[in-house]
Amino acid sequence: MTIDQKWMIGLTGVLAAVAIAQALLFLWQLRMVRRSLTDSKTAADAAKMAAVAAEASIVEMGRIAVREQRAYLSISFGGVVPQDRETAYRFEVRMKLKNDGKTPAYNVTFRTAADVLPMPLPDDFGFPLPDVDPNRSVSVIGPDQDKVLTAVIGRLLSDSEVEQLKKRPEQGFYIWGQVNYDDAFGVRRVVRFCQTLAWMSDGSAMSRDTSRYNESD
């Protein structure tokens, strides 16, 4: 074998070794690229999950803040002004509307009604309310402040009816109504209430909630 032939064989071997090395390097680079892509996807998925968790946490914190800071209007019994047959003044029931929350209640409006009705109320009773008065008051009730809601019965009762009511017969004296307001976060809220009155032996009156129509959001 001549020197030229030996040189060609040696060169061919070197070229083959270089080709093999390049192929191995390419395979290693491909593996590293795949691993990098996998790691990047894992990191992206983790970042996405963290972002979703953070967003959910922020939303929940906002809900907690609203629950803790919003206005909460409640209704409680205030008293009864008795009727006067000589002046034709009808029974008037007064309720206290109070803001138990930490921020004002805005655009507060209400409608109320009162009547003598069967006890218990029929299941189909619809709690009718008067039409919206265009001149009704629209007010703001600050935290721990209150105002008086009133409802006047639609007719004068006879003395015998009054006595029967005070003995808690088959009929009762009811007051019901609906209050609407906006909280500090711009959410429109509603409170519905219905109470029936009872007279004590000393002539004073108290109230209790009925089983229906007492609800709020």
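Presented here is an overview of the structure given in this document.

The rules behind these values
- Residues numbered from 1 in each chain as written.
- Predicted model: local features only at pLDDT ≥ 70, side-chain atom pairs only at ≥ 80, totals over all residues.
- Heavy atoms only, no water.
- Helix = DSSP H or I, 4+ residues; strand = E, 2+ residues; numbered from the N terminus.
- Buried < 20%, exposed > 50% of the residue type's maximum accessible area, 1.4 Å probe, protein only.
- Contact = heavy atoms within 4.5 Å.
- Salt bridge = Lys/Arg side-chain N within 4 Å of Asp/Glu carboxyl O.
- Phe/Tyr/Trp six-rings, centres within 6.5 Å; stacked < 30°, edge-to-face > 60°.

Concerning the environment of M95
- Looking at the element boundaries, M95 is found in strand β2 (residues 92–99).
- Taking the relative accessible area as the measure of exposure, M95 reaches 1% and is therefore buried.
- Here the alpha-carbon distance between M95 and I75, two residues 20 residues apart in the chain, equals 6.6 Å.
- For M95, the residues in contact, after removing those within four places along its chain, are I75, S76, F77, G78, K147, V148, L149, I175, F193 and Q195.

Observations regarding the pattern of salt bridges
- Enumeration according to the criterion identifies seven salt bridges in this entry.
- Between R189 and D183 there is a salt bridge, and its shortest N-O distance comes to 3.0 Å.
- Residue R189 is classed as buried on the basis of its relative accessible area of 13%.
- Among the ionic contacts, a cluster of salt bridges with common partners joins K98, D100 and D144.

Comments concerning the environment of S76
- Within the secondary structure layout, S76 lies in strand β1 (residues 73–81).
- Under the relative-accessibility criterion, S76 is labelled partly exposed at 29%.
- Residues S76 and M95, 19 residues apart in the sequence, show an inter-C-alpha distance of 5.7 Å.
- Residue contacts for S76: discarding those within four places in its chain leaves M95 and K96.

Describing the packing of aromatic side chains
- Going through the model one piece at a time under the given rule, you end up with six aromatic pairs.
- Both rings, one in F91 and one in W199, keep their centres 6.3 Å apart while their planes meet at 65 degrees; by these two values the pair is edge-to-face. Residue F91 is located in the loop between β1 and β2, and its partner W199 is located in strand β7 (residues 188–199); the two are separated by 108 residues in the primary sequence. When sorted by exposure, F91 lands in the same class as W199, which is buried.
- When the ring of F127 is compared with that of Y213, the centres are 4.3 Å apart and the planes differ by 10 degrees; the resulting orientation is stacked. A residue pair is termed long-range when its members are at least 10 positions apart, and F127 in the loop between β3 (105–118) and β4 (139–141) and Y213 in the loop between β8 (205–209) and β9 (215–216) qualify at 86 residues.

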